[in-house]
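# Residue-level structure breakdown
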Amino acid sequence: MKLLITTNPGMEDLLVKELVSLLNLRTDKLCAHVLNKGRILINLLVNMSINDIFLLAARSNLAHKISMVLAEGNVSKDMRSLDIAYELTLKSCAENYLNQHLTFAVRAERIGEHEYTSIDLAKHVGQAIVDAVMEKYGIRPPVNLDHPTVIFDALVVGSKFFLALRISGEESLHKRGYRIYDHPAALKPTIAYGMLQIADLKDGEVLLDPMCGGGTIVIEAARNFKLKNIYCMDISPKHLKGAMKNAIASSTYDSIVFILGDARKANEYVKDRVDAIVTNPPYGIRMLRRKYLRKLYSDFLKSAKNILSNKGRIVIITAEHSLFKEEALKAGYNILSTRKVLHGNLEVEIIKIKPT
Ligand SMILES: C[S@@+](CC[C@H](N)C(=O)[O-])C[C@H]1O[C@@H](n2cnc3c(N)ncnc32)[C@H](O)[C@@H]1O
């Protein structure tokens, strides 16, 4: 069975690791190929039912969209590729997932240079599905582009065509549904979860996000780990209240300690030894002058040293990565790892450090 899965560009390896663990597979039973940024083709070399894949969609914390491949083939740049896509779809058995009553839609995407558009692709693939259902049931299946029951993905990446059945539904799985308060610079929950994985968080540890905003990082932690204590701090009463609202909506409120406080003096507010600080500080260069940001990072790093346990590490996401790394080295930290990730259209870095 082959799957098409999307995640945050830069976190593909973390997603593959998560799949191996969720499906309880030996690593040699899964082949992964990154088709383009954040889009992975997974070949499962074991028997899996479609129900296993539905469970995977329910349990993954890193996937955005999951689809099961029904057909694939080679296409080119020219218009004849649309006929190839039609033929491949007709032979894909897509009609087995429909009947005369179920509504469907095709969501098409095209990456690369082609003479046809994604709308052309959707039309040809959609027509093949209609023709296949007519052939099987003698009735035209109802198309509903706004609220379809069944979604098919038609994807062309360069010279490869895929038809796939969407398992994860219309909405990207990063939309968790607990975001009652929408912080203006909120992190995607899938990125927040990825940062917790990079922090290598273990059950029984103490976590702090000293610039928590709407609380995405601590909420993802409370939902997925059995931690001893989770501290969520922000200097803004409005954002801290927002984080509390989100925590209530995600049923994690009781697991989190909320603190109105200043990350530059974190040691004055948090008396526990902290094993992991995972945070998403401000980095908007338009909003804040770099000089201010340098001082904020430097003061936070100095203060953090006073509360970190002997296992203590910091995982931070910032677009101001050079500035942060300079300040981290000056403040006496080792840089353990860095990775580039796309946050929306912004290239940011996730940096892991620990005191020397
Ligand atoms: C990029 S936002 C965090 C967004 C958050 N990760 C989310 O998903 O909603 C940065 C936050 O840092 C807070 N902040 C800025 N300076 C701070 C300081 N000195 N101490 C504590 N919080 C601070 C801001 O109020 C803002 O909410």
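What you see is a predicted model; the values in this text were computed from it and never measured.

### Some thoughts on the nonpolar core
Phe152 and Ile314 are the most contacted members of the largest nonpolar core, which totals 109 residues. Here this core spans two domains, and each of domain 1 (2-166) and domain 2 (189-355) adds at least three residues to it. Ignoring sequence-local partners within four residues, the contact set of Ile314 consists of Ile277, Phe300, Leu301, Ala304, Leu308, Tyr333, Ile351, Lys352 and Ile353.

### Looking at the site of the ligand
Around the ligand there are 22 residues in total, and His183, Gly214, Thr216, Asp234 and Ala263 lie nearest to it. The separation between an oxygen atom of the ligand and a polar side-chain atom of Thr216 is 2.5 Å. Contact between the ligand and Ala263: a nitrogen atom at 2.8 Å from a main-chain N or O atom of the residue. Protein chains shield 93% of the accessible area of the ligand, which is 600 Å² for the free molecule. Looking at the shell around the ligand residue by residue, the classes come out as eleven nonpolar, eight polar and three charged.

### Re the sheet that holds strand E3 (residues 39-44)
Judged by pairing direction, the sheet is mixed, and its seven strands sit side by side in the order E2-E3-E1-E4-E7-E6-E5 without closing on themselves. Looking at the sheet topology across the chains shown, the edges are occupied by strand E2 (30-36) and strand E5 (104-111). Strand-to-strand, the axes of this sheet are offset by a mean angle of 30 degrees, without reference to chain direction. Two strands pair when backbone bridges link them, and strand E6 (residues 150-157) and strand E7 (residues 160-166) are joined in this way by six bridges, in the antiparallel orientation. Across the sheet, residue Val157 finds its bridge partner in E7, namely Lys160. Running over the sheet, helix H1 (residues 12-22) touches strand E1 (2-6), E2 and E3 and is turned about 150 degrees from E2. This element, helix H4 (residues 118-137), spans E5, E6 and E7 of the sheet and lies at about 140 degrees to E5.

### Side note on the packing of aromatic side chains
All chains considered together, the criterion is met by four aromatic pairs. Each ring, one from Phe104 and one from Phe152, has its centre 6.0 Å from the other, and the planes form 75 degrees; the classification is edge-to-face. Of this pair, Phe104 sits in strand E5 while Phe152 sits in strand E6, and the two are 48 residues apart along the sequence. You can call Phe152 buried: its relative accessible area is 0%. On the numbers, 5.4 Å between centres and 20 degrees between planes, the contact of Tyr253 with Phe258 is stacked. When its relative accessible area of 35% is taken as the criterion, Tyr253 is described as partly exposed. Its relative accessible area of 16% is what places Phe258 among the buried residues. Note that Lys305 overlies the ring of Tyr333, its terminal NZ or CZ placed 5.6 Å from the centroid.

### A short note on the sheet that holds strand E10 (residues 257-260)
Reading across from one edge, E10-E9-E8-E11-E12-E14-E13 is the order of the seven strands in this open sheet, with mixed pairing throughout. At either end of the open sheet lies a strand with only one pairing partner, and these are E10 and strand E13 (333-343). Pairwise comparison of adjacent strand axes, ignoring direction, gives a mean angle of 15 degrees for this sheet. Here strand E8 (residues 206-209) pairs with strand E11 (residues 274-279) via two bridges, running parallel. Among the inter-strand pairings, Leu207 is bridged to a residue of E11, identified as Ala276. Against the sheet, helix H6 (residues 216-224) makes contact with E8, strand E9 (229-234) and E11, and its axis sits at roughly 165 degrees relative to E9, the strand it touches most.

What counts, and at which threshold
Residues numbered from 1 in each chain as written. Predicted model: local features only at pLDDT ≥ 70, side-chain atom pairs only at ≥ 80, totals over all residues. Heavy atoms only, no water. Core = buried A, V, L, I, M, F, W, Y, C linked by side-chain atoms within 4.5 Å. Buried < 20%, exposed > 50% of the residue type's maximum accessible area, 1.4 Å probe, protein only. Domains from an automatic or database assignment. Contact = heavy atoms within 4.5 Å. Near = heavy atom within 4 Å. Polar contact = N/O pair within 3.5 Å; in protein donor to acceptor, adjacent residues only side chain to side chain. Areas by Shrake-Rupley, 256 points an atom, 1.4 Å probe, with all protein chains shown as cover. Nonpolar A, V, L, I, M, F, W, Y, C, P; charged D, E, K, R; others polar. Pairing = 2+ DSSP bridges. Helix = DSSP H or I, 4+ residues; strand = E, 2+ residues; numbered from the N terminus. Axes fitted to C-alpha atoms, helices over the stretch in contact; angles between N-to-C directions. Phe/Tyr/Trp six-rings, centres within 6.5 Å; stacked < 30°, edge-to-face > 60°. Lys NZ or Arg CZ within 6 Å of the ring centre and 35° of its normal.

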